[in-house]
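The chain contents come next:
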Amino acid sequence: MVLSPVHHHDLWTIRGSYGVRPELPSGAGSEAVAVVEALGEGVEGLALGDRVAASAVTGAWAELFTAPAASLIPLPEQLPDEAAAQLVAMPFSAVSLLEHLGLERGEVLVQNAATGAVGRLVAQFARSRGIRVISLVRRGSGVEELAAQGIGDVVATDQEGWQEQARALIGDARVPAGLDSVGGEAAGQVLSLIEDGGRLVVFGAMGGSTMALPSGPIIFRDLHVEGFWGARVSREMSPEVRRRLIGEILSGLLSGEVTLPVADVLGLDEVTGAVAATLTDGRRGKVLLRA
């Protein structure tokens, strides 16, 4: 292991509240940029010393870990370790979400948790697909924070008249879908901006495990609520689509159109501090662990 990010789903797994529970005892950490130190019998297409991205593994927060050879992605030299460590989980979730939603060019997606890793990436990858994203943030400082990363069309929900501001940005465009990664009352905020017959896609629950949704609009406006779990979507995805989406991610990162900020890099012996930093509100970028 060279660098490994601290993802929220890693912490959910540790708590025992994620969709998959590892067999115990188990290490933690699910993604890393790493160097191949040994190969199992019959492995082809990899060599000792190759720098690779590993994802959907168990125990990446360690000096050494094992991974299925077929899941490893050889990396171009131009891609820095800090970006390579985050290559798959969050970026792949973002492009998979956009692929799943199937929005047309010119249509609008509304999302919350816009300052989170997936929220930032959805906004960036959507731009190249011709999809506009209206991003809701909880505080005014989030608008400036995203603007510094080149992300616009951001509305702070702590401001009076935020719904009118969001609707003005939407204009006459269609809003077939919304993305909720917060839960609680924030889910209803996204729901309120979706067009009749639209979909609210639930990706996470950063603010609480219970969603507060008004029944009236769901009934009378024929709104639909559905879940999205990247791990399941990835398992069911064809190899051709997966390769195309990985190519889209690498292209965006290498061109600079997509960025993966890093908040801090800490040693494995500082994992408690890394977790605390990950759970700190207002953090800008991923916290990474180094071997």
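Residues numbered from 1 in each chain as written. Predicted model: local features only at pLDDT ≥ 70, side-chain atom pairs only at ≥ 80, totals over all residues. Heavy atoms only, no water.

Focus: unusual backbone geometry
As a reminder, the rule being used: Going along the chain from the N terminus, every DSSP run of H or I of four or more residues is numbered as a helix, and every run of E of two or more is numbered as a strand.
Omega for the peptide link from L24 to P25 comes to -5°, which places this bond in the cis form. Here P25 lies in the loop between α1 (8-15) and β2 (31-35). Despite not being glycine, A56 shows a phi value in the positive range, around 55°. Tracing the backbone shows A56 in the loop between β3 (51-55) and β4 (73-74). Unlike most non-glycine residues, A113 shows phi in positive territory, near 50°. Topologically, A113 is positioned in the loop between β5 (108-111) and α4 (117-128).

A short note on the packing of helix α3 (residues 89-101) against helix α10 (residues 239-255)
Operational definition: Note on geometry: axes are lines fitted to C-alpha atoms, helical ones only across the stretch in contact, with angles between N-to-C directions running from 0 to 180 degrees. Oblique is the label for any angle not covered by the other classes, which are roughly parallel (under 35 degrees), roughly antiparallel (over 145) and roughly perpendicular (65 to 115). Here is the rule for handedness: rotate from the far helix to the near one, and if that takes an anticlockwise turn smaller than a right angle the crossing is left-handed, while a clockwise turn gives right-handed. Any two residues whose heavy atoms approach within 4.5 Å are treated as being in contact. Basically, the charged four are Asp, Glu, Lys and Arg, the nonpolar ten are Ala, Val, Leu, Ile, Met, Phe, Trp, Tyr, Cys and Pro, and anything else, Gly included, counts as polar.
Between α3 and α10, whose axes approach to 10 Å, the crossing angle comes to 120°. By the angle between their axes, α3 is oblique relative to α10. Of the two possible hands of crossing, α3 and α10 adopt the one that is right-handed. Where α3 abuts α10, its residues P91, F92, V95, S96 and E99 lie against V241, R242, R244, L245, I246, E248 and I249. Here the residues of the contact of α3 with α10 sort into 7 nonpolar, 1 polar and 4 charged.

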